Protein chains: 2
Amino acid sequence: MALADAEGLGAVTVRRLAAALGVTPMALYWHVATKDDLVAALADRVLDAVRVPEETGDWEEDLRAALLALVAALRPHPQLAPLVADRLLEHPGGLALSEAALRCLAAAGHGPQPAGYLASQALRTAITAVTGDRPAGADDPAGAQEHEARLRRQQAALAALPPDRYPALVAHAAEVARCTGTDAHVALAVDVFVTGVRGAAARGAVGAGPTAP
Amino acid sequence: MALADAEGLGAVTVRRLAAALGVTPMALYWHVATKDDLVAALADRVLDAVRVPEETGDWEEDLRAALLALVAALRPHPQLAPLVADRLLEHPGGLALSEAALRCLAAAGHGPQPAGYLASQALRTAITAVTGDRPAGADDPAGAQEHEARLRRQQAALAALPPDRYPALVAHAAEVARCTGTDAHVALAVDVFVTGVRGAAARGAVGAGPTAP
DNA sequence: ACCTGAACACCGTTCAAGT
DNA sequence: ACCTGAACACCGTTCAAGT
């Protein structure tokens, strides 16, 4: 986990991990069947930190709480966030959040099929909201510096676009390039989702097409 | 691209691609500087299919159209969807969609900072909505069969959970396990986002915390 | 129960060389 | 301009063996 946090997922390697543990690469295969199992265990470790909120009965509040609980668990390990999507239905914490989301969506008036899809979409939303938050090496100043340089290059590239074609991007190059997911931003993204669920349920409900207002 | 569609991203390998082209691995390095450039080109190829919708002036309609345009481009290549996130700001089509999203969010009443974040979050939503849609090998029946088996196992695992703890998951195991992103589902996810943007803007607008109703 | 060592089939990539 | 060949440093993993 320290390895992944410090140097990114790409650094999580049987051989590098073994070296970090002062052991032979093959030693890991006693504790774990395959590398996939190892990274799954990593994701599970992240999900272990999920504090499942208790139900209040207000589905909006409950859905928001479930998503924010996931966000809170992912926050310390943004590098590992993309991994947890595949583990949500295999981990008790992930299952609890899925259960909560599913019930909230049903309570909002969505039918079982859309609710099932939206539940997973909801949790994925929380995941993407924190993904790519911090770059690869947030620890050492070298990585941070390089990341900062890349941001500046990106921002400059946006600012240099033809303003007649991309006026908004040029005007707000800084905001677009550095759209880091602060707590307020992530909370906003969650809010957008929750609010949208209510609106969509209010006008479409069960099987109706979502386009007709 | 055919390789990625048929066997998944993991099969996209310098050596395998070279073999498929009947050429030496090193031959590729004449046309491409690095493997990362190669997969970036792959993502760009997907974005080439984006048909940028014309503006109507109604930001809700325009935002929905932009997201659906991205969805339409990603649909034929769900395996490659996760790649395009990193290319959105480097490709004309992606830039056009980003520009459109940014303007819509500003028009909805969001300040430049939240709008910048939400614009990228919007496009990521479209991406996740189609991601993992089809498994790895949708072509050969062997892969399809294996995928079907995995689905069934997943569904059975959900159905076998303690019903007192996960009543909704147990009751709707089928819908959760097979939450494939049909067109209607993806449209619903887009609708949830668009609706949420309006709701959040209506009550929070510029800098206010998103939690207070 | 836990680890080592040698080996295998695969990676991406460099660099000098061919035509 | 485009491709080859040999080489290097890295992968995940098997399998037999040690203690």
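We now turn to the structure provided with this report.

Some words on the protein's contact with DNA strand D
The environment of DNA strand D is made up of 14 residues, and the closest members are A:Arg15, A:Met26, A:Tyr29, A:Thr34 and B:His31. Each atom of DNA strand D within 4 Å of the protein belongs either to a base or to sugar and phosphate, the latter forming 54%. Between DNA strand D and the protein, one listed contact pairs a phosphate oxygen with a backbone N or O atom of A:Lys35 at 2.8 Å. One of the backbone nitrogen or oxygen atoms of B:Thr24 is found 2.8 Å away from a phosphate oxygen of DNA strand D. When contributions to the surface near DNA strand D are tallied by element, the ones reaching two or more residues are helix H2 (14-20) of chain A together with helix H3 (28-31) of chain B. By residue number, the principal contributor to the surface near DNA strand D is H2(A), which donates 3 residues. Its residues placed into classes, the surface near DNA strand D shows 7 nonpolar, 4 polar and 3 charged.

Section: the interface of chain B and chain A
Facing the 55 residues of chain B at the interface are 55 residues of chain A. Linking chain B to chain A there are 2 salt bridges. With its nearest N and O atoms 3.0 Å apart, the salt bridge here joins B:Asp191 to A:Arg203. Summed over the shared surface of chain B and chain A, the result is 14 residue pairs in polar contact (both at pLDDT 80 or more). Those elements that provide at least two residues to the side of chain B that touches chain A are helix H7 (92-107), helix H8 (112-130), helix H9 (141-159), helix H10 (167-171), helix H11 (173-177) and helix H12 (183-204) of chain B. At 16 residues, the largest contribution of residues to the side of chain B that touches chain A is made by H12(B). Partitioning the side of chain B that touches chain A into residue classes produces 28 nonpolar, 17 polar and 10 charged.

Thresholds, definitions, all that
Residues numbered from 1 in each chain as written. Chains lettered and ligands numbered in written order. Predicted model: local features only at pLDDT ≥ 70, side-chain atom pairs only at ≥ 80, totals over all residues. Heavy atoms only, no water. Near = heavy atom within 4 Å. Polar contact = N/O pair within 3.5 Å; in protein donor to acceptor, adjacent residues only side chain to side chain. Helix = DSSP H or I, 4+ residues; strand = E, 2+ residues; numbered from the N terminus. Nonpolar A, V, L, I, M, F, W, Y, C, P; charged D, E, K, R; others polar. Contact = heavy atoms within 4.5 Å. Salt bridge = Lys/Arg side-chain N within 4 Å of Asp/Glu carboxyl O.

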